Amino acid sequence: MTSTTASTIPDPIRSGLQRGWRVRGGAHGPLPARITCDVAIIGSGAGAGITAELLTHAGLQVVLVEEGPLKSSSDFRQLESEAYPSLYQESAGRKTADKAITILQGRCVGGSTTVNWTSSFRTPPTTLEHWQQHFGLTDYTEAALAPWFAQAEQRLNIGPWLTPANRNNEVLRAGARRLGISAAGIQRNVKGCWNLGSCGMGCPTNAKQSMLVTTIPTALDRGATLLVETRADAFVVGHGQVQALVCTPVAGNGAPVHGAAPTRIVARHFVVAGGAINSPALLMRSGVPDPHRLLGKRTFLHPVVISAATFDERVEAWSGAPQTLYSDHFLHSQPIDGPMGYKLEAPPMHPVIVSTTLTGHGQAQADLLKQFPQTQGLLALLRDGFHADSPGGTVQLRDDGSPVLDYPLNDYVMDGARRAFLSMAEIQFAAGARQVSPVHEMARQYTSWAQAREAIQALPMKPLLTRVVSAHVMGGCAMAGHERQGVVRPDGVHWQLANLSVHDGSLFPTSIGANPQLSVYGVANRLATGLAMSLTGRDVQLVA
Ligand SMILES: Cc1cc2nc3c(=O)[nH]c(=O)nc-3n(C[C@H](O)[C@H](O)[C@H](O)COP(=O)(O)OP(=O)(O)OC[C@H]3O[C@@H](n4cnc5c(N)ncnc54)[C@H](O)[C@@H]3O)c2cc1C
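What you see is a predicted model; the values in this text were computed from it and never measured.

### Some details on the packing of aromatic side chains
The geometry of an aromatic ring pair is captured by two quantities: the separation of the ring centres and the angle between the planes. On inspection of all chains with the given rule, the structure shows 7 aromatic pairs. Ring centres 5.6 Å apart and planes at 75° place the aromatic pair F235 and F270 in the edge-to-face group. Here F270 lies in strand β13 (residues 263–272) and F235 lies in strand β11 (residues 230–238), a separation of 35 residues in the sequence. In this pair, the class of F235 matches that of F270, namely buried. Summarising the aromatic geometry, the rings of F330 and Y342 are spaced 5.1 Å apart at their centres and angled 15° between planes, so their arrangement reads as stacked. Residue F330 is found in helix α11 (residues 329–332), and its partner Y342 is found in strand β17 (residues 342–345); the two are separated by 12 residues along the sequence. Each member of the pair F330 and Y342 is classed as buried. Of the aromatic side chains, those joined through ring pairs into one cluster are W131, Y140 and F508. The ring of F311 carries the charged tip of R167 above its face, separated from the ring centre by 5.4 Å.

### Re the UniProt feature "domain: Glucose-methanol-choline oxidoreductase C-terminal" (unreviewed entry) in the chain
Sites flagged by UniProt as "domain: Glucose-methanol-choline oxidoreductase C-terminal" (unreviewed entry) map to residues 393–524. End C-alpha atoms of residues 393–524 are separated by 23 Å, and the span's content is 29% helix alongside 15% strand.

### Quick word on the site of the ligand
Every one of the 40 residues lining the ligand counts as a neighbour, but E66, S112, S119, G505 and Q517 are closest to it. Within the side chain of E66, one N or O atom sits 2.6 Å away from an oxygen atom of the ligand. Q517 is positioned with one of its backbone polar atoms (N or O) 2.6 Å from an oxygen atom of the ligand. The protein chains hide 98% of the 1000 Å² of surface that the ligand would expose on its own. In terms of residue class, the shell around the ligand is built from 13 nonpolar, 21 polar and 6 charged.

### A few points about the packing of helix α7 (residues 142–155) against helix α16 (residues 517–536)
Running from amino to carboxyl end, α7 crosses α16 at an angle of 105°, the nearest separation of the two axes being 8 Å. When the axis of α7 is compared with that of α16, the two are roughly perpendicular. Of α16, the residues touching α7 (which contributes A144, L145, W148, F149, Q151, A152 and E153) are L518, S519, Y521, G522, N525, R526 and T529.

What counts, and at which threshold
- Starting from 1, residues in each chain are numbered consecutively following that chain's sequence as written.
- Only residues with pLDDT of at least 70 get local features here, since the model is predicted, and only at 80 or more are side-chain atom pairs given and counted; chain-wide, interface and lining totals rely on the full set of residues.
- For the side-chain quantities, the full set of heavy atoms in the structure was used; hydrogens and water were omitted.
- A pair of aromatic rings is counted whenever rings of Phe, Tyr or Trp (Trp by its six-membered ring) have centres within 6.5 Å, and the orientation is called stacked for planes under 30 degrees apart, edge-to-face for over 60 and tilted otherwise.
- Starting at the N terminus, helices and strands are each numbered in turn, a helix being any DSSP run of H or I of at least four residues and a strand any DSSP run of E of at least two.
- Residue exposure (1.4 Å probe, protein chains only): buried if accessible area is under 20% of the type maximum, exposed if over 50%, otherwise partly exposed.
- Sitting over a ring, as applied to charges here, requires NZ of Lys or CZ of Arg to be within 6 Å of the ring centre and within 35 degrees of the ring normal.
- UniProt positions are given in the numbering used here, feature names are shortened, and annotations may be inferred rather than shown by experiment.
- Any residue with a heavy atom lying within 4 Å of a molecule or strand is counted as near it.
- N or O atoms closer than or at 3.5 Å make up a polar contact, with two conditions inside protein: a donor-capable atom paired with an acceptor-capable one, and, for residues adjacent in sequence, both atoms drawn from side chains.
- Accessible areas in this description were obtained via Shrake-Rupley with a 1.4 Å probe; residue shielding takes into account the shown protein chains only.
- Amino acids outside the nonpolar list (Ala, Val, Leu, Ile, Met, Phe, Trp, Tyr, Cys, Pro) and the charged list (Asp, Glu, Lys, Arg) are all regarded as polar, and Gly is one of them.
- Note on definitions: angles span 0 to 180 degrees between N-to-C directions of axes, and those axes are lines fitted to C-alpha atoms, for helices only across the stretch in contact.
- Note on angle classes: values under 35 degrees are labelled roughly parallel, values over 145 roughly antiparallel, values of 65 to 115 roughly perpendicular, and the remainder oblique.
- Whether two residues are in contact is decided by their heavy atoms: any pair within 4.5 Å suffices.

What follows is the structure, encoded as structure tokens:
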């Protein structure tokens with residue numbers, strides 16, 4: 001996009017700053033040594049944004065603490081080389097302890113919602129039933145949550161995507177139809193979308209209704225303070241509650257700033273919304289009570305395996321709305337607590353992310369990338385957390401206090417991955433693929449479904465050989481109806497510390513089994529509305 005075009009698009013962040021938003025940190029000026037407020041929120045992503053909007057609506061003085069930078073549509077130039085280092089945790093190279101899984105998470109104002117792909121699903125009823133039965137979340141029923149989802153959908157313009165699917169997605173529909181497998185359209189949170197396909201690099205037209213352009217501006221207009229490039233290091237805990245939060249400035253790329261003075265935030269209540277992995281890590285660094293040793297445990301990823309297909313014609317999988325069609329067929333073909341089920345979608349494919357994810361190197365990879373315009377991709381989101389052999393991962397702290405997730409890819413997960421490779425290859429051949437290649441170090445390009453089936457059945461399904469990625473991090477601060485099972489109560493308040501809540505994806509006791517953003521919005525909506533009532537006696541609501 002040329003700068004001339006960009007300059008014609010209104011920039012809600014620059015105009016907000018001109019209106020006098022209270023933003024500090026990085027280029028916005030030094031942090032004060034001490035801040036007092038009603039509520040301090042850690043993060044500015046899905047859970048934080050919804051919470052900030054509702055609490056400021058209740059008249060509370062809110063401070064948001066975000067470790068990433070404040071960027072806006074004027075900065076989003078559809079360039080991977082700029083987006084990954086500036087908008088993602090660990091420059092989009094975050095990995096599990098054994099390096100077998102690459103994890104994508106946002107690290108900027110708006111969090112992962114600034115870079116996500118806009119697919120919007122309510123929490124599946126089967127997932128909620130599992131929570132009711134196994135985690136004592138008796139009031140997390142489909143009916144009880146429906147109004148909270150409906151409000152979030154209205155606020156964020158979530159609705160059907162009426163533009164024709166791009167060819168990358170159309171392959172999923174065509175192959176599924178041929179095989180008699182159901183596939184349907186995905187709802188998206190966009191307004192006036194240009195169908196560019198660069199959602200993962202930040203939306204250059206402000207069409208994506210992320211927290212960056214919706215709830216955070218609303219909260220700032222209502223007087224909230226936003227600290228950017230500021231990391232929440234640790235809570236000071238004493239007398240059964242949080243006394244203060246200590247934060248330090250970080251550089252735009254997340255590196256520590258040597259000699260930087262800390263800021264101390266004193267608040268009536270603290271809401272942790274740093275996202276899974278980072279939220280439990282903050283609580284671990286703070287030494288919060290964890291009598292049942294649950295903190296950071298049961299962290300889920302929807303481990304994703306990918307199948308690449310080559311077509312005779314151009315697919316141009318980088319162009320157009322990223323994920324617009326899906327199939328849940330393989331989530332429903334066995335019980336939720338049986339062999340691992342998986343959801344199928346067609347991911348956006350951009351050269352840097354593809355070349356670092358696809359297998360091979362040297363000439364073999366160069367040959368693969370020559371076919372990039374004809375390449376189509378399917379992904380399978382493996383639904384983790386519902387079976388005894390699927391306990392997820394554990395967050396650990398490195399020596400410098402930064403988190404790392406240990407997530408063993410055991411035989412149970414790998415059995416699901418192999419079945420997913422088979423399903424995806426069959427669909428791609430049914431849609432007319434010339435060649436299919438599961439993203440696995442020992443796979444080749446197979447030229448028929450029969451050949452692929454035999455080869456995939458023989459592939460060694462081992463970590464590091466099987467390429468696994470994730471953009472859906474959940475759990476680690478699970479909510480539950482009893483303190484022996486959860487870090488927080490069903491209302492999001494910490495079981496042991498009454499002025500501390502968690503409002504983000506780390507709340508979920510299992511994975512969602514669907515793309516999680518709307519689950520975070522809906523649950524945070526309910527919890528933040530309850531928190532506003534308990535702090536002020538005022539009943540507030542998200543308003544479109
Ligand atoms: C590339 C990508 C594509 C995705 N696509 C989809 C999709 O299409 N549909 C969907 O439903 N979901 C999608 N997701 C996932 C979805 O966006 C997340 O599940 C959701 O945003 C999680 O919300 P959260 O509040 O838990 O955390 P986040 O939205 O990740 O926000 C957490 C924020 O807290 C900040 N933070 C963390 N620790 C600290 C600290 N110590 N101090 C200060 N700040 C801190 C982080 O920098 C971050 O900005 C995608 C995610 C990614 C990365």
